[in-house]
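Spelled out from the first residue to the last, the chains are:
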Amino acid sequence: MDRLGSFSSDPSDKPPCRGCSSYLMEPYIKCAECGPPPFFLCLQCFTRGFEYKKHQSDHTYEIMTSDFPVLDPSWTAQEEMALLEAVMDCGFGNWQDVANQMCTKTKEECEKHYMKHFINNPLFASTLLNLKQAEEAKTADTAIPFHSAEDPPRPTFDSLLSRDMAGYMPARADFIEEFDNYAEWDLRDIDFVEDDSDILHGRRSAPPLNLTGLPGTEKLNEKEKELCQMVRLVPGAYLEYKSALLNECNKQGGLRLAQARALIKIDVNKTRKIYDFLIREGYITKA
Ligand SMILES: [Zn+2]
Ligand SMILES: [Zn+2]
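Residues numbered from 1 in each chain as written. Chains lettered and ligands numbered in written order. Predicted model: local features only at pLDDT ≥ 70, side-chain atom pairs only at ≥ 80, totals over all residues. Heavy atoms only, no water.

Participant: Explain the nonpolar core here, please?
Facilitator: Across soluble globular proteins, nonpolar side chains show a tendency to be buried alongside one another. Counting 21 residues, the largest nonpolar core has Leu233, Tyr238, Leu245, Leu255, Ile274 and Leu278 as the members making the most contacts within it. Only α8 (222–231), α9 (235–252), α10 (257–263) and α11 (268–280) provide two or more residues apiece to this core. Examining the composition of this core, we find that five residues originate from one element, α9, more than from any other. Contacts of isoleucine 274, omitting those with residues within four sequence positions, involve Leu227, Leu233, Tyr238, Tyr241, Leu245 and Ile266. Core analysis: the next-biggest nonpolar cluster, separate from the first, contains 13 residues, Cys17, Cys31, Phe50 and Met64 among them. (Core = buried A, V, L, I, M, F, W, Y, C linked by side-chain atoms within 4.5 Å. Buried < 20%, exposed > 50% of the residue type's maximum accessible area, 1.4 Å probe, protein only. Helix = DSSP H or I, 4+ residues; strand = E, 2+ residues; numbered from the N terminus. Contact = heavy atoms within 4.5 Å.)

Listed below in structure tokens is the structure:
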């Protein structure tokens, strides 16, 4: 396996020549008697008979090269490694870029060679077959049998089902990520003016909230009462939201609408109206 180390295309991955400290270019020499760590010499130092400490010029040696065919007479080991690396870098099927990175082979050669030796190779067929069988068995044996239990059922760790359901939280019966986390993104700044929605939907909007007898009403000034009526917000909730936003605003030295929305988990249009109102009335300031 030592030889594989020499296939890397980046010369700085290899230790330098022990004789002259230059980067090793293939072919180079590895002493078979010294090391580990391996004792490498470039051809120039080797032919000069370089000796250092224990290493003698009559030591047996290996010629390190990946310039030999492995799977196909016209492909050197170096090229095989470069191809695998290029497919990893550029992605399977991106043969043009693979060939560009390879430099020594055409797009067609890369594709043909890769398909022949790495995809359609009977050596790997058993593995692919296993995968296929596992895929077919997936629905059959991974279904979770129902038992009444306090703890919700969970797929077996590392099963196909558990991977399919990555991010699913059984106890919350929900996924960590929403299917489309940004589905509401485009709508977040749209404010539905009640008059418009009446025209659009042909229906009356909800009537103003009657505050009579609602707790907290006595703590509101006239403008706040009007807001609570129009936004249909009970005074108790309004006062709670107001104090939360004021607190945060004081802490941060200003507040953005997005921050307000993070604090108050209600209908975003209501939050905006409350936010705008508090800005307008000078209770909070924009960040
Ligand atoms: Zn050297
Ligand atoms: Zn040696």
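Participant: How should the packing of aromatic side chains be read in this particular structure?
Facilitator: Centre distance and the angle of the planes are the two values used to describe a pair of aromatic rings. Considering all chains together, one arrives at eight aromatic pairs under this definition. Geometrically, the ring pair formed by phenylalanine 50 and tyrosine 52 is stacked, given 6.3 Å between the ring centres and 15 degrees between the ring planes. With relative accessibility at 16%, the residue phenylalanine 50 sits in the buried group. Overall, tyrosine 52 belongs to the partly exposed group, its relative accessible area being 38%. An aromatic cluster is present here, built from Phe92, Trp95, Tyr114 and Phe118 joined pairwise through their rings. Lysine 105 extends its terminal NZ or CZ atom over the ring of tryptophan 75, reaching a point 5.0 Å from the ring centre. The lysine or arginine in question, lysine 242, covers the ring of tyrosine 283, its NZ or CZ lying 4.2 Å from the ring centre. (Phe/Tyr/Trp six-rings, centres within 6.5 Å; stacked < 30°, edge-to-face > 60°. Lys NZ or Arg CZ within 6 Å of the ring centre and 35° of its normal.)

Participant: Help me understand the pairing of strand β4 (residues 69–72) in this model?
Facilitator: The side chains of a regular strand alternate, residue by residue, between the two faces of the sheet. Direction of pairing for β4 relative to strand β5 (residues 75–76): antiparallel, over a ladder of two bridges. Residue pairing in the sheet places aspartate 72 in a bridge with tryptophan 75 of β5. Counting the residues in the hairpin turn of β4 and β5 gives two residues. (Pairing = 2+ DSSP bridges.)

Participant: What am I meant to see in α8 here?
Facilitator: Three- or four-residue spacings in an α-helix give side chains the same orientation, since the helix completes a turn every 3.6 residues. Inspection of α8 places Glu224, Leu227, Cys228 and Val231 among the buried residues, and these make up the whole buried set. The arc enclosing the buried residues of α8, seen along the axis, measures out at 95 degrees, which places them on a common side. On the buried face of α8, the contacting elements are α9 and α11. At the N-terminal boundary of α8, the capping side chain belongs to asparagine 221, with an oxygen 3.1 Å from the backbone nitrogen of lysine 223. (Arc of directions from axis to C-beta. Polar contact = N/O pair within 3.5 Å; in protein donor to acceptor, adjacent residues only side chain to side chain.)

Participant: Can you help me understand the packing of α8 against α11 in this one?
Facilitator: If you want to describe how two helices pack, look at the angle between their axes and the distance between the axes. Between α8 and α11, the least distance of the axes is 11 Å, while the angle of their chain directions is 165 degrees. Considering the angle they form, α8 stands roughly antiparallel to α11. When the axes of α8 and α11 are compared, the crossing they make is right-handed. Here Lys223, Glu224, Leu227 and Val231 of α8 come into contact with α11, specifically with Lys270, Lys273, Ile274 and Phe277. (Axes fitted to C-alpha atoms, helices over the stretch in contact; angles between N-to-C directions. Parallel < 35°, antiparallel > 145°, perpendicular 65-115°, else oblique. Left-handed = near helix turned anticlockwise from the far one by under 90°.)

Participant: Please explain the coordination of the zinc ion (ligand 1) as it appears in this structure.
Facilitator: Expected angles at a metal are 109.5 degrees for tetrahedral coordination by four donors and either 90 or 180 degrees for octahedral coordination by six donors. Of the protein atoms, only Cys17 (SG), Cys20 (SG), Cys42 (SG) and Cys45 (SG) coordinate the zinc ion (ligand 1), at distances of 2.3 Å. Taken together, the four donor atoms coordinating the zinc ion (ligand 1) and their angles of 104 to 114 degrees define a geometry best described as tetrahedral. Sequence positions of the residues that donate to the zinc ion (ligand 1) give the spacing C-x2-C-x21-C-x2-C. Taken together, the residues cysteine 17 in the segment before β1 (28–31) and cysteine 45 in helix α1 (residues 43–48) connect sequence positions 28 residues apart. Judged by its relative accessible area of 2%, cysteine 17 falls in the buried class. (Donors = N, O, S within 2.8 Å, 3.2 Å for Na, K, Ca; no water. Tetrahedral: all angles 85-135°; square planar, octahedral: opposite > 155°, others 65-115°.)

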